[in-house]
Amino acid sequence: MSDAESNPAEQRAAEQVSPATTRGRRRGKAPRTHVVGKVLLSTLIVLGMVTGLSVVFIYRHLNDNLTVLDVSSQLENRPEKQDQASDVPQEPLNILVMGSDSREGEGNNIDGLTGDGARSDTTILMHLSADRKQAYGVSIPRDSLVTRPDCKTEDGETIPGGENEQWNTAFALGGPACTIQQFEQLTGVFVDHFVVVDFSGFRDMVDAIDGVEVCIPEDIEDPEHGINIPAGTREVRGKEALNYVRARYTLGDGSDIGRIARQQAFIAAMANKVVSGGTLARFDRLVGFLNAATKSLIVDPGLENVFKIGKAGLGFKNIGLDNIKFVTVPFEYDTREGFEGRVVWLPEADDVWQKVVDDEPLSRRLSSGAINAGELPGSGSPSGGASPSDGASPSEPDEDVAAAREAAGLCA
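Presented here is a report on the structure given in the accompanying data block. Positions within a chain are numbered from 1, following the residues in the order the chain's sequence is written. This being a predicted model, a pLDDT of at least 70 is required before a residue's local features are given, and a value of 80 or more before pairs of side-chain atoms are given or counted; all residues contribute to the totals for chains, interfaces and linings. Only hydrogens and water are removed before side-chain values are computed, so all heavy atoms of the structure are retained for them.

As for the overall build of the protein
Keep this limit in mind: To qualify as a helix, a DSSP run of H or I must reach at least 4 residues; to qualify as a strand, a run of E must reach at least 2; elements of each kind are numbered from the N terminus. When accessible area is computed with a 1.4 Å probe and restricted to protein chains, residues below 20% of their type maximum are described as buried, those above 50% as exposed, and intermediate ones as partly exposed. It only takes one pair of heavy atoms within 4.5 Å for two residues to be counted as in contact. For the accessible areas, the method is Shrake-Rupley and the probe is 1.4 Å, while residue cover comes only from the protein chains on display.
Of regular secondary structure, the protein possesses 11 helices and 19 strands. Across the 412 residues of the protein, 56% fall into the buried class. Contacts in the protein between residues at least 24 apart in sequence constitute 73% of all its contacts with a sequence separation of at least 6. Summing over all exposed atoms, the protein offers an accessible surface of approximately 16,700 Å²; the carbon and sulfur share of this is 47%.

Quick word on the nonpolar core
Going by this rule: Here, nonpolar core means buried Ala, Val, Leu, Ile, Met, Phe, Trp, Tyr and Cys residues that are tied together by side-chain atoms lying within 4.5 Å of each other.
If you look at the biggest cluster of nonpolar residues, it comprises 58 residues, and the most contacted ones within it are M126, Y244, F266, M270, F289, I324 and F326. For this core, the element with the most residues is helix 7 (residues 256-276), which contributes 9 residues. Ignoring any residue separated from it by four or fewer positions in sequence, one finds F266 in contact with F202, V206, V212, V214, V236, A241, Y244 and V245. Listed in part, the 30 residues of the second largest apolar core include M98, I180, F194 and V352.

A few points about the environment of R342
Quick note on the threshold: Between N or O atoms, a polar contact is any pair within 3.5 Å; within protein, one atom must be a potential hydrogen donor and the other a potential acceptor, and residues adjacent in sequence are included only when both atoms are from side chains.
Mapped onto the elements of the fold, R342 is located in the loop between strand 17 (331-333) and strand 18 (343-345). By relative accessible area, R342 is classed as buried at 13%. Counting along the chain gives 178 residues from R342 to N164, while the straight-line C-alpha distance between them is 9.9 Å. Only 2.7 Å separates the side chain of R342 from the side chain of Q166, close enough to count as a polar contact.

A word on the state of the cysteines
For clarity, the cut-off: When two cysteine sulfur atoms are found within 2.5 Å, that pair is recorded as a disulfide.
Counted under the stated rule, the structure contains 1 disulfide. Disulfide pairing places C151 opposite C178 at an S-S distance of 1.9 Å. Linking C151 and C178, the disulfide has an S-S dihedral of approximately 80° and is accordingly described as right-handed. Here C151 is found in strand 7 (residues 151-152), whereas its partner C178 is found in helix 4 (residues 169-187), with 27 residues between them in sequence. Overall, C151 belongs to the buried group, its relative accessible area being 5%. The class of C178 is buried, set by a relative accessible area of 2%.

Remarks on the packing of aromatic side chains
To describe a pair of aromatic rings, you give the distance between the ring centres and the angle between the ring planes. Cut-off, in case you're wondering: Any pair of Phe, Tyr and Trp rings, taking the six-membered ring for Trp, is counted once the centres come within 6.5 Å. Such a pair is stacked with planes under 30 degrees apart, edge-to-face with planes over 60 apart, and tilted for the rest.
The final tally for this structure, using the stated rule, is 5 aromatic pairs. Taking 5.8 Å as the distance between ring centres and 40° as the angle between the ring planes, the aromatic pair formed by W167 and W345 counts as tilted. One end of the pair, W167, is in the loop between strand 9 (162-166) and helix 4; the other, W345, is in strand 18, and 178 residues separate them in sequence. Take W167: its relative accessible area is 2%, and that puts it in the buried class.

Topic: the side chain of N65
You can see N65 is positioned in helix 3 (residues 56-65). Side-chain polar atoms of N65 contact the side chain of N291, separated by 2.9 Å. Within the structure, the side chain of N65 is placed 3.0 Å from the side chain of T294, a separation counted as a polar contact.

Some details on the environment of G188
With respect to the helices and strands, G188 occurs in the loop between helix 4 and strand 10 (193-196). A C-alpha to C-alpha distance of 7.5 Å links G188 and V357, two positions 169 residues apart in sequence. For G188, the contacting residues outside a window of four places in its chain are P79, F183 and V357.

Now the structure itself:
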């Protein structure tokens, strides 16, 4: 079953999406309406550092690249943020990364699949603590079955909700606004900002830093989707990088959950290279990365220029990659007839979202099998750019991490 055929109801909904649903405001260009979120962490870290560059031309150029989308009027019954302690000068930040597997737009139809509209294949909630000492990302499987709430179109019309709806149907029906409404109503977590980015932009960002290192334990051969990547440890770029983060059926256990883990590992490796490699020291790479990122981003008004994005990004700067973890919301596979292959959240998911609301670090139990942004995929120790936060010597991954990597098709 191909991605485009994963949910017939979702595909029909995608075909009905009005361009106005996800229309943003692009300075200097027509709006880009279809996006896929993969690399928030790398972008925020680098944009946080670019604010120190007193280059007016580049600053204005990057601002002109951005697309701004205000969905505040489409959101209802929003959860309240917890009151912060008086001795903490900042608030925690929750940034929702969304995306789609749309094939529309130059450079996005990478596998020859067809179908109108945008079908979201990535949702990650990035939580940055108020004390700016730790951060974690929580991935939500696109195949999660949920009770989707009503949401509004840009014109104020109601899009009815439904029972046993696949998570990514919300994006297909109403774009970022409906996904945010769904996320907030189901988790009780207030979304401070959102970011989305498309396929071609992701490819350009990877190319701007001369590729990202991955470790592939077995050949990836998926002729149906035009994917053929040999095993080994090396840097991937361009279409090969896109194919790697999208590969599913012939790698690991073949599940969408495994693909999520590979995407998390790729983001970790990309962030690692951006902050510990030659990107910041190479002006051409830095500008190329930022140019590709900002051309691809759709952001909320709170991140409407690179200064504001950079301010948010500075919160990640001093955390240290070893203190940034990626997990997947606790789930199990649905065993009901007609829902095979879909997943449902476990009761432990409520514990994850409560940790976010309370601005607390994830417990060892909830972070079991987490991917560490300071550790390159396939390596048992942090890379040169990261140092263990507790000063201890790096150790080999535990059994949970090794098992998760094997299921995801990552080197253990």
